[in-house]
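Notes for the structure review
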Amino acid sequence: MCGRVAFIAGKKLGNAVWRNAAKRRMRALARDLGGPWPEYDVVFLAKKKVTSAQYSEMITYCQKALRRDGRLVDQP
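These notes cover the structure that comes with them. The written sequence of each chain sets the order in which its residues are numbered from 1. With pLDDT at 70 or above as the cut-off, local features in this predicted model cover only qualifying residues; side-chain atom pairs require 80 or more to be listed or tallied, and sums for whole chains, interfaces and linings still use all residues. Side-chain figures throughout are based on the complete set of non-hydrogen atoms in the structure, without hydrogens or water.

1. Some words on the packing of helix H1 (residues 16-32) against helix H2 (residues 55-68)
When two helices pack together, their arrangement is given by the angle between the helix axes and by the axis-to-axis distance. The convention used is that axes are lines fitted to C-alpha atoms, helices contributing only their stretch in contact, and that angles between N-to-C directions extend from 0 to 180 degrees. The numbering of helices and of strands both runs from the N terminus, where a helix is a DSSP run of H or I of at least 4 residues and a strand a run of E of at least 2. In the contact formed by H1 and H2, the axes pass within 11 Å of each other and the chain directions differ by 55 degrees. It follows that H1 is oblique to H2 by the angle criterion. The two elements H1 and H2 meet at a crossing, and its hand is right-handed. Contacts from Arg25, Ala28, Leu29 and Asp32 in H1 reach Tyr55, Met58, Ile59 and Cys62 in H2. In terms of residue class, the contact of H1 with H2 is built from six nonpolar, no polar and two charged. Relative orientations are named as follows: roughly parallel for angles under 35 degrees, roughly antiparallel for angles over 145 degrees, roughly perpendicular for angles from 65 to 115 degrees, and oblique for any other angle. Left-handed describes a crossing whose near helix is turned anticlockwise from the far helix through less than a right angle; right-handed describes the clockwise counterpart. Any pair of residues with heavy atoms lying within 4.5 Å of one another is described as a contacting pair. Amino acids outside the nonpolar list (Ala, Val, Leu, Ile, Met, Phe, Trp, Tyr, Cys, Pro) and the charged list (Asp, Glu, Lys, Arg) are all regarded as polar, and Gly is one of them.

This is how it looks when you write it as C-alpha cells:
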C-alpha cells in the first residue's frame, strides 16, 4: 500500500492567494520530510501562521509530530 498526503487550507482562513501559498509551503514541508510515507495517509491542515512562520520552525514542528506518531525515522 502506498502512502498518501493531503493538504487542506480552508476558505475561512484567507483568500485564494493565501490558500495557494499555504498549500505550496505544506507541499514543500512534506517533500523535505521524505513524504509520502509508505502505508500511511497524512493530512496537513493549514493554520493561520503557516505562511508567516519561519520555515525552520515549521520543519521542526512537523518533525516532532511525525516522530511522535512513528512516521519519521531519524535521518543523518
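Right, picking up where we left off after that structure.
2. What to know about the pairing of strand S1 (residues 4-8)
Between any two strands, at least two bridges found by DSSP are needed for them to pair. As defined by bridge partners, S1 adjoins strand S2 (residues 41-45) across five bridges and the pair is classed as parallel. From the neighbouring strand, Ala6 faces S2, where its bridge partner is Val43. Call a crossover right-handed when, viewed with both strands pointing away from you, the route from the first strand across the helix to the second goes clockwise. Taken together, S1, H1 and S2 form a β-α-β motif whose crossover is left-handed.

3. Comments concerning unusual backbone geometry
The omega angle of the peptide bond from Gly35 to Pro36 is -5 degrees, so this bond is cis rather than trans. Tracing the chain through its elements places Pro36 in the loop between H1 and S2. Phi at Glu39 takes a positive value of approximately 70 degrees, unusual for a residue other than glycine. Within the secondary structure layout, Glu39 lies in the loop between H1 and S2. In this scheme, a residue with accessible area under 20% of its type's maximum is buried, one over 50% is exposed, and one in between is partly exposed, where area comes from a 1.4 Å probe on protein chains only. Judged by its relative accessible area of 60%, Glu39 falls in the exposed class.

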